[in-house]
Amino acid sequence: MKFGFDIDDTLINLREHAFHIYNHKLQQNIGLDAFHALTTMEIHSAFGLTKEEGGKLWSSLRDDIYYSQCPSFPHAVDILQELVKQGHEVYYITARAKEHTERTKNWLIDNGFPVVEGHFYCGMSDSEKVHIIEKLNLDYYFDDKPAVLETLSHLPLNIYVKDRPYNQHLNLPRIVSWDELREIIK
């Protein structure tokens, strides 16, 4: 089978990682309870920043956020390695900007994710993901972002939303923990 995965906040806990970096950079100590209470993808409001200020801060810290020690979600690496060992194909489809392609792919490899040549897609807009997913003829696709998931309903594949506070309105099957994937594909 063919499995497609978004990366940020689907396989890796990027927003929470960025939250810690914001705390450090801004010399604040905002608790994780504030992070977990956020119902938007953006984290700037927890720090009293406007959308513009938050965007500038994210941009200035992008390398730290993307390429430092961002943790994967529990079981994500093991499950993807298991899928590949079982003969399944694993594809990564991320809307990170094109200039982050090689560094992102290398970061995934360095952190134990199984990356096969030709199975990594980076540098498209959220709305363009649907075309790649369709072209790949995936059996399963996993993402956290409502704007992406809402574009996939016409495709004949199993769509799962990685459960996050900002996507609770989506009426799609959810994956809370990556160890659940074993049961889903049985």
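Overview of the structure. (Residues numbered from 1 in each chain as written. Predicted model: local features only at pLDDT ≥ 70, side-chain atom pairs only at ≥ 80, totals over all residues. Heavy atoms only, no water.)

### Some points on the nonpolar core
One broad trend across soluble globular proteins is that nonpolar side chains are buried collectively. Phe 5, Tyr 92, Phe 113, Trp 178 and Leu 181 are the most contacted members of the largest nonpolar core, which totals 45 residues. Top element by residues in this core is helix α3 (residues 51-67). It accounts for six residues. When sequence neighbours within four positions are dropped, the list of residues in contact with Phe 5 reads Leu 11, Leu 80, Leu 83, Val 90, Tyr 91, Tyr 92, Ile 93, Tyr 141, Phe 142, Trp 178 and Leu 181. If you look at the next biggest cluster of nonpolar residues, it comprises 18 residues, including Tyr 91, Tyr 121, Leu 136 and Ile 159. (Core = buried A, V, L, I, M, F, W, Y, C linked by side-chain atoms within 4.5 Å. Buried < 20%, exposed > 50% of the residue type's maximum accessible area, 1.4 Å probe, protein only. Helix = DSSP H or I, 4+ residues; strand = E, 2+ residues; numbered from the N terminus. Contact = heavy atoms within 4.5 Å.)

### Concerning the packing of aromatic side chains
Per the counting criterion, the structure on display carries 15 aromatic pairs. Centroid distance Tyr 92 to Phe 113: 6.4 Å. Interplanar angle 90°. Geometry classified as edge-to-face. Of this pair, Tyr 92 sits in strand β2 (residues 89-94) while Phe 113 sits in the loop between α5 (101-110) and β3 (120-122), and the two are 21 residues apart along the sequence. The two residues Tyr 92 and Phe 113 agree in class, both being buried. With centroids separated by 6.3 Å and ring planes inclined at 5°, the aromatic side chains of Tyr 140 and Phe 142 adopt a geometry described as stacked. (Phe/Tyr/Trp six-rings, centres within 6.5 Å; stacked < 30°, edge-to-face > 60°.)

### Quick notes on the pattern of salt bridges
Any two side chains of opposite charge can pair, on the condition that their charged atoms come close. Per the stated rule, a full pass over the model turns up eleven salt bridges. Measuring nitrogen to oxygen at the nearest pair gives 3.9 Å for the salt bridge that ties Glu 52 to Lys 56. Taken together, the residues span about one helical turn, with Glu 52 and Lys 56 both in helix α3 at a distance of four residues. What makes Glu 52 exposed here is its relative accessible area of 57%. Across the pair Lys 105 and Glu 102 runs a salt bridge, and its minimum N-O distance is 3.7 Å. Of this pair, Lys 105 and Glu 102 both sit in helix α5, three residues apart, roughly one helical turn. (Salt bridge = Lys/Arg side-chain N within 4 Å of Asp/Glu carboxyl O.)

### Digging into the sheet that holds strand β1 (residues 2-5)
If you walk across this open sheet you meet the six strands as β3-β2-β1-β4-β5-β6, and the pairing is parallel. In this open sheet, the two edge strands, each paired with only one partner strand, are β3 and β6 (174-175). In the sheet, β1 pairs with strand β4 (residues 140-143) via three bridges, with the strands oriented parallel. Residue pairing in the sheet places Phe 5 in a bridge with Phe 142 of β4. (Pairing = 2+ DSSP bridges.)

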